[in-house]
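Okay, here's what each chain looks like letter by letter:
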Amino acid sequence: MKLDTLYRKAVSVGIARDLRGPEEMRRILAAEEEKFRKLPPDEAESFDLDRLFNPFADTRVLTGSPETEVGRVIVGIDMEVAEVLLAHVLNRDLGRRIDLVIAHHPEGPALARMHDVMRLQSELLAACGVNVSVAEQLLDKRMGEVERRLLPVNHTRAVDAARLLGLPMMCVHTPADNCVTAHLTELFAREKPRTLKDLVALLKAIPEYRKAVRLSAGPKIVSGAENARCGRVFVDMTGGTEGPKTIFEQHAVAGVSTIVAMHVGEEALENAKKANLNVVIAGHVSSDTLGLNLLFDEVEAEGRLEFVATSGFERIRKEDR
């Protein structure tokens, strides 16, 4: 398939799996179109036209022609300069043609604007019962922190390397995270685990998490006991990066008992414990891998791809589960 086809399909899958729902996604895209229409010519010239169909600022084609034919891709959770050089070596020295480098974590302008996608978190918090004004104000503060943290980052390093080596490159972040969030939310709603031990067992039955267990990075209860009841489960795995560290009391007030996350910082974990919440860390790389695999299952409806897996990723197709 062409690079543009792959990119647009990944975006459409992310939209379809977004827990905000189709109406909200249409509203977001319509607002971008209205904003573009009202721009003066000098500002319209520099407007990122991808925003008219892609609501995920952390997912972009970073270098290469949209018309590039893609058959074999190298995919990793983090694709930095070292991994880009690896792709070049595979191309040049080992005779394994690489048509496209795909990173999960954002690079280039997609990294610089990652804070934009965090607005998604306020919508999910409101949907689970957190007061919407509280959710938005806490997210505004956290988004400002993330934006300022990213300002000094040299975010073009890997993209520059790919461009100089003639390798097309893209990153796909929130669409994949939406896939794993929706998948696990549906799993827990369907299976209704009674205890944290039951919940962890459900995770360990998934190939990506089963592999993580073998690598000593499997799911782990970090707040609560094995026999503690799950109650209402909130899957916190999408929206750019870790949310407000002070949100946990609001979770408890909204009726959430258990949070399942990719990762959690120490300050945030202490706040969760103070709010008497159960917290299960499913695993960062394993959750990202699951999200990518679910997304690629749907992307490959457009055409079969050959995968070279690196940087924590392993391609596991739906038929192999």
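Note: the structure precedes this text.
Owing to the predicted nature of the structure, the values given are computational and were not obtained by experimental measurement. (Residues numbered from 1 in each chain as written. Predicted model: local features only at pLDDT ≥ 70, side-chain atom pairs only at ≥ 80, totals over all residues. Heavy atoms only, no water.)

Draft legend 1. Fine view of the overall build of the chain. A count of helices and strands for the chain gives 14 helices and nine strands. For a compact globule of 321 residues, the expected C-alpha radius of gyration is about 20 Å, and the chain comes in at 20 Å, within 12% of that figure. In terms of its C-alpha atoms, the chain occupies a principal-axis envelope of roughly 55 × 50 × 35 Å. When the 321 residues of the chain are sorted by exposure, 50% land in the buried category. For the chain, restricting intrachain contacts to residue pairs at least 6 apart in sequence, the fraction spanning at least 24 positions comes to 78%. A total accessible area of about 14900 Å² is found for the chain, and carbon and sulfur atoms account for 50% of it. Here the chain holds 43 positive side-chain charges and 49 negative ones, and the gap between their average locations is 5 Å. (Helix = DSSP H or I, 4+ residues; strand = E, 2+ residues; numbered from the N terminus. Rg over C-alpha atoms; globule rule 2.2 N^0.38 Å. Buried < 20%, exposed > 50% of the residue type's maximum accessible area, 1.4 Å probe, protein only. Contact = heavy atoms within 4.5 Å. Areas by Shrake-Rupley, 256 points an atom, 1.4 Å probe, with all protein chains shown as cover. Lys, Arg positive; Asp, Glu negative; His and termini not counted. Charge placed at Lys NZ, Arg CZ, Asp CG, Glu CD.)

Draft legend 2. Structural context of the environment of Asp177. The residue Asp177 is located in helix α9 (residues 174–191) in this model. For Asp177 and Thr238, which are 61 residues apart along the polypeptide, the C-alpha to C-alpha distance reads 5.0 Å. If near-sequence neighbours (up to four positions away) are discounted, Asp177 is found in contact with His104, Met237, Thr238, Met262 and Asp288.

Draft legend 3. Representation of the side chain of Thr63 within the structure. Following the sequence through the fold, Thr63 ends up in strand β1 (residues 60–63). Apart from the residues lying within four places of it in its own chain, the contact partners of Thr63 are Val159, Ala162, Arg163, Leu167, Pro168 and Met169.

Draft legend 4. Structural context of the pattern of salt bridges. If you walk through the whole model with that rule in mind, you get 28 salt bridges. Here Glu67 ties to Lys2 by a salt bridge, and the two come within 3.6 Å at their closest N and O atoms. Note that Glu67 is positioned in the loop between β1 and β2 (72–76) and Lys2 in the segment before α1 (3–16), a separation of 65 residues in sequence. We classify Lys2 as partly exposed; its relative accessible area is 30%. Residue Glu145 pairs with Arg142 through a salt bridge whose shortest N-O separation is 3.2 Å. Of this pair, Glu145 and Arg142 both sit in helix α7 (residues 132–150), three residues apart, which is roughly one turn of the helix. (Salt bridge = Lys/Arg side-chain N within 4 Å of Asp/Glu carboxyl O.)

Draft legend 5. Here's a closer look at the pairing of strand β8 (residues 278–281). The alternating pattern of β8 places Asn278 and Val280 and Val279 and Ile281 on opposite faces, both of which are buried. As judged from the three bridges shared by strand β5 (residues 220–223) and β8, these two strands associate in the antiparallel manner. The partner of Lys220 across the bridge, within β8, is Ile281. Summarising the sheet, strand β7 (residues 258–261) and β8 pair through four bridges and their orientation is parallel. Bridging from a neighbouring strand, Val260 pairs with Val280 of β8. (Pairing = 2+ DSSP bridges.)

Draft legend 6. Spotlight on the packing of aromatic side chains. All told, the structure shown has four aromatic pairs when counted by the stated rule. Between Phe296 and Phe313 the ring centres are 6.0 Å apart and the planes differ by 75°, which places this aromatic pair in the edge-to-face class. Note that Phe296 is positioned in helix α14 (residues 284–299) and Phe313 in the segment after β9 (306–309), a separation of 17 residues in sequence. Residue classification places Phe296 among the buried residues on the basis of a relative accessible area of 1%. Overall, Phe313 belongs to the buried group, its relative accessible area being 4%. Among the aromatic residues, ring-to-ring pairing joins Phe296, Phe307 and Phe313 into one connected group. Lying across the ring of Phe53, Arg8 places its NZ or CZ 3.9 Å from the centre. We note Arg315 situated over the ring of Phe307; from NZ or CZ to the ring centre the distance is 5.1 Å. (Phe/Tyr/Trp six-rings, centres within 6.5 Å; stacked < 30°, edge-to-face > 60°. Lys NZ or Arg CZ within 6 Å of the ring centre and 35° of its normal.)

Draft legend 7. Broad picture of helix α6 (residues 119–127). Buried residues of α6: Leu120, Gln121, Ser122, Leu124 and Leu125, and no others. Of the surrounding elements, those touching the buried residues of α6 are α7, α9, β6 (233–236) and α12 (248–254). Positive phi appears at Gly129, one or two residues downstream of α6, with a value of about 110°.

Such coordinate-based values are descriptive only and should not be taken to indicate function.
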